[in-house]
Amino acid sequence: MTTLKEIADLAGVSRGTVDRVLNHRGSVNPKTAEKVMNIVQALNYQPNRAGTALAAQKKKYKIGVIVFGKSNPFFDEVMGGIHAKSDELKSYGITTIIRRVDFDVHAQLEAIDELVAEGMNGLVLAPYNDRAICERINGLEEAGIPVVTVNTDIEGSHRMAYVGSDYFRGGCIAAGLFALSASTELSLGIITGSDSVLCHTERIRGLRQTLKASYPHIHIIGTVENHDDEIESYTITKQLLSEHPETNALFFTAAGIYGGCKAVTESGLHPRIITFDEVPTTIELIKKGTVLATISQQPYKQGYRSLDIISEYLTSGILPEDELQYAEHSIIIRENLPDL
């Protein structure tokens, strides 16, 4: 087993310097810190767990978690994984402080400020895709507070890692599913959450690129935003179908599926509908035949793994092997539901 002394000897520094690098205590020259961490990763250094637990209990680490609000049932499943990992971390003296905030950049910035004031040491964040959030993440990193993004990422930030699906690939999969569902012309409407959430825009980009390259018989007639709100989704879907009665396919990139499908039912139209995530209301819509298929992305695992990465880094100085921690996509149709 690799020891701190061996790492120190290889790096040409003292054991105290290695300890400061691994546990973020005091000031260490950035080049020295990088050299130490390269050796740590090359030797796959694993600290003594009992000692780590005792050290964590003394430090009383606090990890902040900020995800979108309770109106989005997908994040209930993400929170299931976060709560499970949080319960495990209690024995290490690590506290998890959770905020579920409105779909708004200012609400998210305020939540970050609150957690900083409470002394958080690391942050799991589903980021609103705004420059102000990116700058705040970079400021946290400079202050020694690592950030892991979960479910959706943010470009240009200095976050440590991203845990979630490859959303561009998810859009490509959706395009393929529409193509498999019909060889005739399709007029496709897109119901998205927000242009300010990267996973939503990337799913659309993947869909568009795949349709253009391989399926020219599928035409996009319009894109509308529902801000992950069921009532708003009902209203804008109803309006879209009224303005485009030729619509025979709908793509929901995020939440608001139940409200949107209510508008579809009332319209008397029967479009092919493909969605994301396996929340209970969507599963019921698949059983009824309203939704053709939904693409799942392991939300429980996303929550669990994101908190795991932060806690490993804080207690052991261990970085994830891969910066991008992709969750596997799975396709759910009526015929592969377990209770049918």
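Residues numbered from 1 in each chain as written. Predicted model: local features only at pLDDT ≥ 70, side-chain atom pairs only at ≥ 80, totals over all residues. Heavy atoms only, no water.

Q: Help me understand the environment of N29, please; the structure alone is not making it clear to me.
A: Looking at the secondary structure, you find N29 in the loop between α2 (15–23) and α3 (30–42). Remark: the alpha-carbon pair of N29 and T17, spanning 12 residues in sequence, is separated by 9.8 Å. Within polar-contact distance, the side chain of N29 engages the backbone nitrogen of K31 at 2.8 Å. (Helix = DSSP H or I, 4+ residues; strand = E, 2+ residues; numbered from the N terminus. Polar contact = N/O pair within 3.5 Å; in protein donor to acceptor, adjacent residues only side chain to side chain.)

Q: Whenever I open this one, the layout of surface pockets confuses me. Can you help?
A: Left-over empty space is what a probe sized like a water molecule reveals as it rolls over the atoms. Roughly 220 Å³ of volume is contained in the second largest pocket. Along the wall of the second largest pocket there are 16 residues; nearest its centre are P271, G289, T290, V291 and L292. If you list the elements that add at least two residues to the lining of the second largest pocket, you get α11 (257–267) and β9 (272–276). Among the residues forming the lining of the second largest pocket, the class breakdown is 9 nonpolar, 4 polar and 3 charged. (1 Å grid on protein atoms, 1.4 Å probe; cavity = no way out; pocket = protein on both sides within 12 Å on 5 of 7 lines; lining within 4 Å. Points joined across faces, edges and corners; volume = space filled by probe spheres on them. Nonpolar A, V, L, I, M, F, W, Y, C, P; charged D, E, K, R; others polar.)

Q: Is there a simple way to think about the sheet that holds β9 in this case?
A: Strands in a sheet are paired, the pairing made by backbone hydrogen bonds, and the direction either parallel or antiparallel. Read across the sheet, 6 strands follow the order β7-β6-β8-β9-β10-β12 without closing on themselves; strand pairing throughout is mixed. Only two strands of the sheet have a single neighbouring strand rather than two, namely β7 (218–225) and β12 (330–332). Recorded for the sheet is a direction-independent mean angle of 20° between the axes of neighbouring strands. In this structure, β9 lies alongside strand β10 (residues 293–296), joined through 3 bridges in parallel fashion. The residue bridging T275 from the neighbouring strand is T294, located in β10. (Pairing = 2+ DSSP bridges. Axes fitted to C-alpha atoms, helices over the stretch in contact; angles between N-to-C directions.)

Q: Any chance you could explain helix α1 (residues 4–11) here in plain terms?
A: For the α-helix, the turn length of 3.6 residues means that residues three or four positions removed from each other point alike. Within the sequence span of α1, burial applies to I7, A8 and A11. Viewed end-on, α1 has its buried residues packed into an arc of 100°, placing them on one side of the element. Exposed side of α1, more than 90 degrees from the buried face: D9 and L10 are the residues found there. Backbone geometry just after α1 places G12 at a positive phi near 70°. (Buried < 20%, exposed > 50% of the residue type's maximum accessible area, 1.4 Å probe, protein only. Arc of directions from axis to C-beta.)

Q: What is the right way to read the packing of aromatic side chains from this model?
A: Two descriptors summarise a pair of aromatic rings, namely the distance from one centre to the other and the angle between the planes of the rings. For the structure shown, the criterion picks out 6 aromatic pairs. When the centroid spacing of 5.3 Å and the interplanar angle of 85° are considered together, the rings of F74 and F75 count as edge-to-face. In this structure, F74 and F75 share a single accessibility class: buried. Seen in terms of ring centroids, Y162 and Y326 are 6.3 Å apart; in terms of plane orientation they differ by 75°. Their pairing is edge-to-face. Note that Y162 is positioned in strand β5 (residues 161–164) and Y326 in strand β11 (residues 324–326), a separation of 164 residues in sequence. By relative accessible area, which is 1% here, Y162 ends up buried. In textbook terms, an aromatic cluster arises when at least three aromatic residues are bridged by ring pairs, as seen for F68, F74 and F75. Over the face of the ring belonging to F276 we find R203, whose NZ or CZ atom lies 4.0 Å from the ring centre. (Phe/Tyr/Trp six-rings, centres within 6.5 Å; stacked < 30°, edge-to-face > 60°. Lys NZ or Arg CZ within 6 Å of the ring centre and 35° of its normal.)

Any functional reading would require information that these geometric values do not contain.
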